[in-house]
Amino acid sequence: MNLLMLRPNTIDEVQTIVRQHPRLHLRGRGSKPALSTPPGDAETLDLSGLSGVVEYNPGEYTFTAYAGTRIAVVQSMLDAHAQYLPFDPPLVEREATLGGTLAAGLSGPGRYRYGGVRDFILGVRFVDGNAQVVRGGGKVVKNSAGFDIPKLMVGSLGQLGVLVELTFKVFPKAAAYTTLQLHCPALDEALQALYQVYTARLDVDSLDLAPREDGSATLYVRLGGLPDALPARAERIRALLKGGEVVDDAEEAGVWRDAREFAWVPSDWSLVKVPLTPGRIAQLDAALTLKCVPGSSQARRRYSCGGNVAWVATPESLVALDDVLTSFGLSGLVVFGPAGQVRIGARNGQAFERRVKEVFDPAKRFG
């Protein structure tokens, strides 16, 4: 079946398309293939043409932009005023957009300190299944505008409406960063180190743990702040962990660039995001290494945000990973992988999802 690629440039055009087409699949610039590839019966609504910054007020630490705006464009604008997006959006080099990032509910390792994308979205405008423009939230940090529709749209995967305009709050950017990396011969030892940092009263920007195929693991602790203060802060963590190597400058930036862009994931592998808690990492990791290896390739894992998010990459079918997550009562969002398989593992909140969809998309136009 030959289906259209619809590419509006204005909100009015989005409304017209929604009125005229019974089945639509929404995409930005395709940075998340498992989410942006349409099923066979839907036409693609490409929002990359709905792009540009509408309003930026550095003094108020807020900006408003169209949903198809590339995050790289926003970051360049914010850099000029020493500001940034603290939820550390991933896949910037793959041309991720604001709308796609919000709809997928994705944040990078930097969310550890200040929170994820849901903590920085202030307002949204979207076109619902009746082709009506709906506004939620506002354009200021202090805002009480009824039901929190902006947070409802986080992770909605384009099922409730077409995001067209977003307002975010931003923060001042740290003057410098440094990272302490601790190599541990076993995962259990690395987990103990993670717990020590996690429970200490330390201002840590990012806290990630990366297991290796040989059973070892590396803990990464990132600090941001004034350049003169960072060495003493890093030394305090070195003393806490009784070891570790300090990394600075380009090498330090590269560590987190690779994490944010998933450089550790081979191009033809699937990638799944799994929310969890640090206390469940050991059991989950053991299950992953045992059950997700039908052949010789082991699933690769990275535990981000202090162990509250697992990123699991596999070259195999997702059936084995689906079974593992289901057995643990965990859900997974497929970011890279086969089209049509968006969620695996346990499914919670489906009754609420159906009720909300009946309100915003009663005709079920959106996939």
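Whatever comes next refers back to the structure up there.
All values derive from a computational prediction rather than experimental measurement.

Participant: In this structure, what is going on with the overall build of the protein? I would like to understand it.
Facilitator: Assigned secondary structure in the protein consists of 12 helices and 19 strands. Taken over C-alpha atoms, the radius of gyration comes to 21 Å for the protein, in line with the 21 Å a tight globule of 367 residues would show. Based on the C-alpha atoms only, the size of the protein along its principal axes is roughly 65 × 55 × 35 Å. Expressed as a percentage of contacts within the protein between residues at least 6 apart in sequence, the contacts between residues at least 24 apart total 69%. Summing over all exposed atoms, the protein offers an accessible surface of approximately 16,100 Å²; the carbon and sulfur share of this is 49%. A gap of 6 Å separates the mean positions of the 40 positive and 39 negative side-chain charges of the protein.

Participant: Honestly, the layout of surface pockets in this entry has me stumped. Any pointers?
Facilitator: Empty space left among the atoms is revealed by rolling a probe the size of a water molecule over them. Estimates place the volume of the second largest pocket at around 580 Å³. Residue lining of the second largest pocket: 27 residues in total, with Asp 88, Lys 173, Tyr 177, Arg 222 and Arg 260 positioned closest to the centre. Elements represented by at least two residues in the lining of the second largest pocket include exactly helix H3 (71–79), strand E6 (83–84), strand E11 (176–184) and helix H9 (249–260). At six residues, the largest contribution of residues to the lining of the second largest pocket is made by H9. For the lining of the second largest pocket, the residue count by class is 12 nonpolar, four polar and 11 charged.

Participant: Could you clarify how one ought to interpret the pattern of salt bridges in this entry?
Facilitator: Two side chains carrying opposite charge are able to pair once their charged atoms lie near each other. Tallied over the entire structure, the rule returns 17 salt bridges. Of the charged contacts in the structure, one is a salt bridge between Glu 93 and Arg 257, with a shortest N-O distance of 2.6 Å. Remark: Arg 257 occurs in helix H9 and Glu 93 occurs in the loop between E6 and helix H4 (98–104); sequence separation between them is 164 residues. Using a relative accessible area of 31% as the deciding quantity, one classes Arg 257 as partly exposed.

Participant: Help me understand the nonpolar core in this model?
Facilitator: Soluble, globular proteins show a tendency: their nonpolar side chains are buried together. Membership of the largest hydrophobic core comes to 48 residues, with the highest contact counts inside it found for Phe 63, Leu 85, Leu 102, Val 124, Leu 163 and Phe 168. Formed by 41 residues, the second largest nonpolar core is a distinct cluster that contains Leu 187, Ala 217, Leu 241 and Phe 328.

Participant: Got a minute to help me understand the sheet that holds strand E8 (residues 133–137) in this structure?
Facilitator: Backbone hydrogen bonds are what pair the strands of a sheet, in a parallel or an antiparallel way. Reading across the sheet, the five strands line up as E4-E5-E9-E7-E8 and stay open at both edges, with antiparallel pairing between neighbours. Strands with a single pairing partner mark the edges of an open sheet, and in this sheet they are strand E4 (53–57) and E8. Along the sheet, successive strands turn relative to each other by an average axial angle of 10°, direction set aside. With six bridges connecting them, strand E7 (residues 121–127) and strand E9 (residues 162–169) associate as antiparallel partners. Following the sheet pairing, Gly 123 is matched in E9 by Thr 167.

Participant: Would you mind showing me how to read the sheet that holds strand E3 (residues 43–46) here?
Facilitator: The three strands are arranged E1-E3-E2 in an open sheet whose pairing can be described as parallel. The outermost strands of the open sheet, each flanked by one partner alone, are strand E1 (5–6) and strand E2 (24–27).

Participant: It is not clear to me how the environment of Val 127 should be interpreted in this structure. Could you clarify?
Facilitator: Mapped onto the elements, Val 127 comes out in strand E7. Classification of Val 127 as buried rests on a relative accessible area of 0%. Each C-alpha atom, one on Val 127 and one on Ser 317, is 35 Å from the other, the two residues being 190 residues apart in sequence.

Participant: Looking at this structure, how should I read a negative patch on the surface?
Facilitator: Among the surface-exposed residues, Glu 245, Asp 248, Asp 249 and Glu 251 lie close enough to one another that they form a single negatively charged patch. Checked against the element boundaries, Asp 249 lands in helix H9. Classification of Asp 249 by relative accessible area gives exposed; the value is 64%.

Participant: Whenever I open this one, the packing of aromatic side chains confuses me. Can you help?
Facilitator: Scanning the model with the defined rule gives 11 aromatic pairs in all. Geometrically, the ring pair formed by Phe 87 and Phe 120 is tilted, given 6.3 Å between the ring centres and 40° between the ring planes. Remark: Phe 120 occurs in the loop between helix H5 (111–114) and E7 and Phe 87 occurs in the loop between E6 and H4; sequence separation between them is 33 residues. We classify Phe 120 as buried; its relative accessible area is 1%.

Criteria and thresholds
Residues numbered from 1 in each chain as written. Predicted model: local features only at pLDDT ≥ 70, side-chain atom pairs only at ≥ 80, totals over all residues. Heavy atoms only, no water. Helix = DSSP H or I, 4+ residues; strand = E, 2+ residues; numbered from the N terminus. Rg over C-alpha atoms; globule rule 2.2 N^0.38 Å. Contact = heavy atoms within 4.5 Å. Areas by Shrake-Rupley, 256 points an atom, 1.4 Å probe, with all protein chains shown as cover. Lys, Arg positive; Asp, Glu negative; His and termini not counted. Charge placed at Lys NZ, Arg CZ, Asp CG, Glu CD. 1 Å grid on protein atoms, 1.4 Å probe; cavity = no way out; pocket = protein on both sides within 12 Å on 5 of 7 lines; lining within 4 Å. Points joined across faces, edges and corners; volume = space filled by probe spheres on them. Nonpolar A, V, L, I, M, F, W, Y, C, P; charged D, E, K, R; others polar. Salt bridge = Lys/Arg side-chain N within 4 Å of Asp/Glu carboxyl O. Buried < 20%, exposed > 50% of the residue type's maximum accessible area, 1.4 Å probe, protein only. Core = buried A, V, L, I, M, F, W, Y, C linked by side-chain atoms within 4.5 Å. Pairing = 2+ DSSP bridges. Axes fitted to C-alpha atoms, helices over the stretch in contact; angles between N-to-C directions. Patch = residues over 30% accessible without salt bridge, like charges linked within 9 Å, V, L, I, M, F, W, Y side chains within 5 Å. Phe/Tyr/Trp six-rings, centres within 6.5 Å; stacked < 30°, edge-to-face > 60°.

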